[in-house]
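Listed below, chain by chain, are the residues.
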Amino acid sequence: VIKKILIWPHPDLKKKSAPVLPEEFGTAAFNNLILDMWETLYDVGGVGLSAIQIGVPKRVFIVDAGKSSSRKAPVRWVFINPVLSLKEETAPLNEGCLSLPGIVETVVRHTAVSVEAVDETGEAFAGDFVGLEGQCIQHEHDHLDGIAIPDRVDQEAYAKILKKLKAKS
Ligand SMILES: [Zn+2]
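Figured I'd write up the structure that's included with this text.

Rules and cut-offs
- Residues numbered from 1 in each chain as written.
- Predicted model: local features only at pLDDT ≥ 70, side-chain atom pairs only at ≥ 80, totals over all residues.
- Heavy atoms only, no water.
- Helix = DSSP H or I, 4+ residues; strand = E, 2+ residues; numbered from the N terminus.
- Expected span 1.5 Å × (residues − 1).
- Buried < 20%, exposed > 50% of the residue type's maximum accessible area, 1.4 Å probe, protein only.
- Arc of directions from axis to C-beta.
- Contact = heavy atoms within 4.5 Å.
- Pairing = 2+ DSSP bridges.
- Axes fitted to C-alpha atoms, helices over the stretch in contact; angles between N-to-C directions.
- Donors = N, O, S within 2.8 Å, 3.2 Å for Na, K, Ca; no water.

### Re helix H3 (residues 155–168)
Part 1: Under the 1.5 Å per step criterion, the end-to-end length of H3 is 20 Å for 14 residues, consistent within 8% with the ideal 20 Å.
Part 2: Taken together, the buried positions of H3 are Ala157, Ile161 and Leu165. Buried residues of H3 fall within an arc of 75° about the axis and therefore sit on the same side. Facing away from the buried surface of H3 by more than 90 degrees, the exposed residues are Gln155, Glu156, Lys163, Lys166 and Ala167.
Part 3: Buried residues belonging to H3 abut strand S5 (105–110).

Dropping the structure here:
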């Protein structure tokens with residue numbers, strides 16, 4: 001089911017999401033959440049989506065960088081209860097967000113990230129990510145902590161975002 005994506009500054013987007021509990025894996029509600037997230041992501045043609053963006057405050061996000069995948073083939077990643085280790089080096093990158101339609105801002109991100117997480121079957125996995133996947137993982141992980149692009153930019157860019165959103169509404 002395609003869900004409505006919450007638009008910033010919706011108060012839910014400032015919530016800290018809760019870990020998924022072991023007993024939730026395999027339940028219909030949980031499996032449907034993951035399916036709904038994929039349907040919603042592909043409907044809008046995005047690269048990544050966090051559960052909170054469809055109003056579910058759980059530590060789940062999905063990423064599909066398509067041909068930009070660092071695995072040389074598209075991978076549909078599901079990250080549950082992820083823990084990130086960030087490489088020290090950073091770079092300013094252009095970034096958008098499905099909760100901030102039409103807005104692209106420069107955000108400083110780490111150039112590489114290691115992730116330990118659980119997949120949708122409850123299996124633990126780990127991986128190293130760079131490029132679009134690495135950037136997207138940092139962006140989606142921010143959503144789990146109630147952080148979005150406007151919280152990552154300077155005052156001038158923040159004011160610009162507010163102005164653009166106001167002009168659209
Ligand atoms: Zn976002």
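### Considering the sheet that holds strand S7 (residues 124–130)
Part 1: What the five strands build is an open sheet, ordered S1-S2-S3-S6-S7; its pairing is antiparallel. Only two strands of the sheet have a single partner each, and these edge strands are strand S1 (48–50) and S7. Each strand axis lies, on average, 40° off the axis of its neighbour in the sheet, ignoring direction.
Part 2: Of the strand pairs in this sheet, strand S3 (residues 77–86) and strand S6 (residues 112–118) are connected by five bridges, and their pairing is antiparallel. If you follow Leu84 over to S6, its bridge partner there is Val115.

### Quick look at the coordination of the zinc ion
Part 1: Looking at the zinc ion, one finds its protein donor set to be Cys97 (SG), His139 (NE2) and His143 (NE2), positioned 2.0 to 2.2 Å from the metal centre.
Part 2: Counting gaps between the donor residues of the zinc ion yields the pattern C-x41-H-x3-H. Highlighted residues: Cys97 in the loop between strand S4 (90–95) and S5 and His139 in helix H2 (residues 131–144), separated in sequence by 42 residues. Grouping residues by exposure puts Cys97 and His139 together as buried.

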